[in-house]
Amino acid sequence: QVQLVESGGGLVQAGGSLRLSCAASGRTFSRYAMGWFRQAPGKEREIVASISRSGVNTDYADSVKGRFTISRVNAKSTMYLQMTNLKPEDTAVYYCAARFVVADAVLTSGFDLWGQGTQVTVSS
């Protein structure tokens, strides 16, 4: 199965931007539906965005619509989350998630492979 490693987190001021990357080690990356999740201190994990196998279909949490963009480059076995106009409430550990699927559809639950997470901190 694919192994996932997130990178790109850091400390930014409100209104700034970051791009997160999720690198997959397997050769079957294009067979996986992917997603980004986040967990803030004292809060439950929540889905941020998801993307289908081909990248054609995407979905976003209401809190990030218009600000975040999820994408993937299957030839590079990498998924991205471009975050703009960051807000303090975006502060969280961001996780990459995956699930092997047979259809080119967006998942919102059922992910069973996870990365270690990368910290995003947005100061006011």
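Residues numbered from 1 in each chain as written. Predicted model: local features only at pLDDT ≥ 70, side-chain atom pairs only at ≥ 80, totals over all residues. Heavy atoms only, no water.

## A short note on the pairing of strand β3 (residues 18–24)
Alright, step 1. Counting buried residues along β3, five of its seven residues qualify, which places the element largely inside the surrounding structure.
Alright, step 2. Summarising the sheet, strand β1 (residues 4–7) and β3 pair through four bridges and their orientation is antiparallel. Looking at β3, one finds that Val 5 is bridged to Ala 23.
Alright, step 3. Across six bridges, β3 lies against strand β8 (residues 78–83) in antiparallel orientation. Following the sheet pairing, Cys 22 is matched in β8 by Met 79. (Buried < 20%, exposed > 50% of the residue type's maximum accessible area, 1.4 Å probe, protein only. Helix = DSSP H or I, 4+ residues; strand = E, 2+ residues; numbered from the N terminus. Pairing = 2+ DSSP bridges.)

## A word on the pattern of salt bridges
Alright, step 1. Under the defined criterion, the tally for this structure stands at five salt bridges.
Alright, step 2. Residue Asp 90 is joined to Arg 38 by a salt bridge in which the shortest nitrogen-to-oxygen separation is 2.9 Å. Linking Asp 90 in the loop between β8 and β9 (92–100) with Arg 38 in strand β4 (residues 32–39), this pair joins segments that are 52 residues apart in sequence. The burial state of Asp 90 is the same as that of Arg 38; both residues are buried.
Alright, step 3. Connected through salt bridges with shared partners, the residues Arg 38, Glu 46, Arg 67 and Asp 90 form a single ionic network. (Salt bridge = Lys/Arg side-chain N within 4 Å of Asp/Glu carboxyl O.)

## Focus: the state of the cysteines
Should the sulfur atoms of two cysteines be covalently bonded, the bond is a disulfide.
Alright, step 1. This model, assessed by the stated rule, comprises one disulfide.
Alright, step 2. One disulfide in the model links Cys 22 with Cys 96; its S-S distance is 1.9 Å. Residues Cys 22 and Cys 96 are joined by a disulfide whose S-S torsion is about -70°; by sign, that bridge is left-handed. On the criterion of sequence distance, the pair formed by Cys 22 in strand β3 and Cys 96 in strand β9 is long-range, its members being 74 residues apart. The same class applies to Cys 22 and to Cys 96, which are both buried. (Disulfide = S-S within 2.5 Å.)

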